[in-house]
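Tertiary structure, described
Here is how the chains run, residue by residue.
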Amino acid sequence: MGTTAAIVLAAGKSTRMRSKLSKVLHPVCGKPVLFHILDALAAAGAERRIVVIGHEGETVKARVEAAYAGQNIEFVWQHNPKGTGHAAQQAEEALANHEGSVLVVPGDAPLLSADVLSELLVAHTGGATLLSAVLEDAGSYGRIVRAADGSVEAIVEAKDATPEQKQIREMNAAVYVFDSKSLFARLKNLTPNNAQGELYLTDVIGMTRAAGEPVRAVVAKDNNVTLGINTRVELADLNEILRKQLLKELMLSGVTVLDPATTYVEVGVMVGQDTVLHPGTHLRGATTIGEDCIIGPYTVITDSTVGNGCKVGPFAQLRGKAILGDKCKIGNFVEVKNGKLADNVSASHLAYLGDTEIGTKTNIGAGTITCNYDGFTKSRTVIGADAFIGSNSTLVAPVTIGDGALTAAGSVITQDVPAEAIAIARERQSNLEGAETIRRDRKQKERENG
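**Points about the pairing of strand β4 (residues 48–53)**
Among the six residues in β4, five count as buried, and that is most of the element. Examined bridge by bridge, strand β1 (residues 3–10) and β4 share six bridges and lie parallel to one another. Counted as the bridge partner of L9 is V52 from β4. In the sheet, β4 pairs with strand β5 (residues 73–77) via five bridges, with the strands oriented parallel. Bridged to R49 within β5 is I73. Running through helix α2 (residues 57–67), the crossover from β4 to the neighbouring parallel element β5 is right-handed.

**Comments concerning the pattern of salt bridges**
Tallying each qualifying case throughout the model produces 14 salt bridges. Between K61 and E65 there is a salt bridge, with its nearest N and O atoms 2.8 Å apart. Taken together, the residues K61 and E65, both in helix α2 and four residues apart, mark about one turn of the helix. Taking the relative accessible area as the measure of exposure, K61 reaches 25% and is therefore partly exposed. Connected via shared salt-bridge partners are E240, R243 and K244.

**Quick notes on the environment of L25**
When you line up the elements, L25 lands in the loop between β1 and β2 (27–28). Note on L25: relative accessible area 3%, which makes it buried. Between the C-alpha atoms of L25 and F35, which are ten residues apart in sequence, the distance is 8.1 Å. Here L25 is in contact with P32, T59, V60 and R63, once residues within four sequence places are set aside.

**Here we look at the sheet that holds strand β17 (residues 288–289)**
What links the strands of a sheet is backbone hydrogen bonding, and the strands pair in either a parallel or an antiparallel sense. With respect to topology, eight strands assemble into an open sheet ordered β14-β17-β20-β23-β25-β27-β30-β33, the strand pairing being parallel. The outermost strands of the open sheet, each flanked by one partner alone, are β14 (270–271) and β33 (399–401). For strand β20 (residues 305–306) and strand β23 (residues 323–324), the ladder comprises two bridges, and the chain directions are parallel. Looking at the pairing, T305 lines up with I323 of β23.

**Let's talk about unusual backbone geometry**
Omega for the bond connecting G296 with P297 falls within 30 degrees of zero, at 0°, which places this linkage in the cis form. Omega for the peptide link from A397 to P398 comes to 0°, which places this bond in the cis form. By secondary structure assignment, the location of P398 is in the loop between β32 (394–396) and β33. The phi dihedral of A174 falls on the positive side, at around 65°, and the residue is not glycine. Here A174 falls in the partly exposed class, since its relative accessible area comes to 31%. Despite not being glycine, D386 has its phi angle at roughly 55°, a positive value.

The rules we used
Residues numbered from 1 in each chain as written. Predicted model: local features only at pLDDT ≥ 70, side-chain atom pairs only at ≥ 80, totals over all residues. Heavy atoms only, no water. Buried < 20%, exposed > 50% of the residue type's maximum accessible area, 1.4 Å probe, protein only. Helix = DSSP H or I, 4+ residues; strand = E, 2+ residues; numbered from the N terminus. Pairing = 2+ DSSP bridges. Right-handed = clockwise from strand over helix to strand, strands pointing away. Salt bridge = Lys/Arg side-chain N within 4 Å of Asp/Glu carboxyl O. Contact = heavy atoms within 4.5 Å.

Okay, structure coming up:
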């Protein structure tokens, strides 16, 4: 039976994106377009993934290698691109000894799922199998021309279609399964007999049928899986489709999303049952939210972990692998960066807690800042359990504040504070007479100056 390999066509210049960055690296719900494809292929059982790169290829290669270190992803170059058939030809040497099926997929279709790819592989019993969709207006997509018996006779590119063929509503999604040996044998015979002077991968379909082999088309149940990205408008559209899908999955799992239109969740985010997401909430990257939490409104959480029963927001930010224990309270205009907070820690308003570790039941007063960066290195602040940090305290790291300790409001703490101690680090207040004289002199000067 052999194994399954995949060729991902990711060498295009993306002219209409008007971007210095390859379109396959633009994110859709937090994950680059190409990464969506690579993950779907792996989940569908593709043992080998060959990425054809060209424009901005070194950047694409570096990003993939960094994200998929140790995984079986290979790269081949398409220099002087001459169409999709020419792109697929570049993988011949890499797959010279491959026995089995080859999936050929575009690198710009992030909604293409493992389920759809698996369905194609199951349907493939030889010859060629492709994915299609029926649209109200097939626009610039290639048209599926079917024979009288319903099999696929040919694929005609929109630029080369006759007026009659342009009326066909079934479009080619540019996702194929071939047998490896026959694919590369036919790719060698491609000729640029078209308006663009390119080598079309779609011509392999006609060759397969001419050889008497079966050509099947699996019609997508959801047309969204076939959508590609060529402009930033389409990028925004696909972000919106996937965002709605992710929010729907969360709601069906028991999460309350008060306003899906203004709530943003990226791929991979996990949220526990009975948590409420308020409007303006952004959950990004590798973020996990526990059960029974209240998040937002207008709160951003990135690459962080929130325990059960926490309240975060409004206008709060967690980032840099922040970790909250259970029943923590992070209030308005509080930022936690690379901090680890134990259970029942409260920072209700106006604080920056960077590179810090805080013990259970500690209260952080308004205006507190951990000064964690001196311009050269970042140092940590450690605060024990049951401590009370007075409002407007400035904690200059590295510094440790013991269990049950208290800092007076307005203090600048530069030395360790022992457990149960009270730290006061501020100028003693002095009350001087003469306020009325100062006001009188000021008014006199104002009159003299007109």
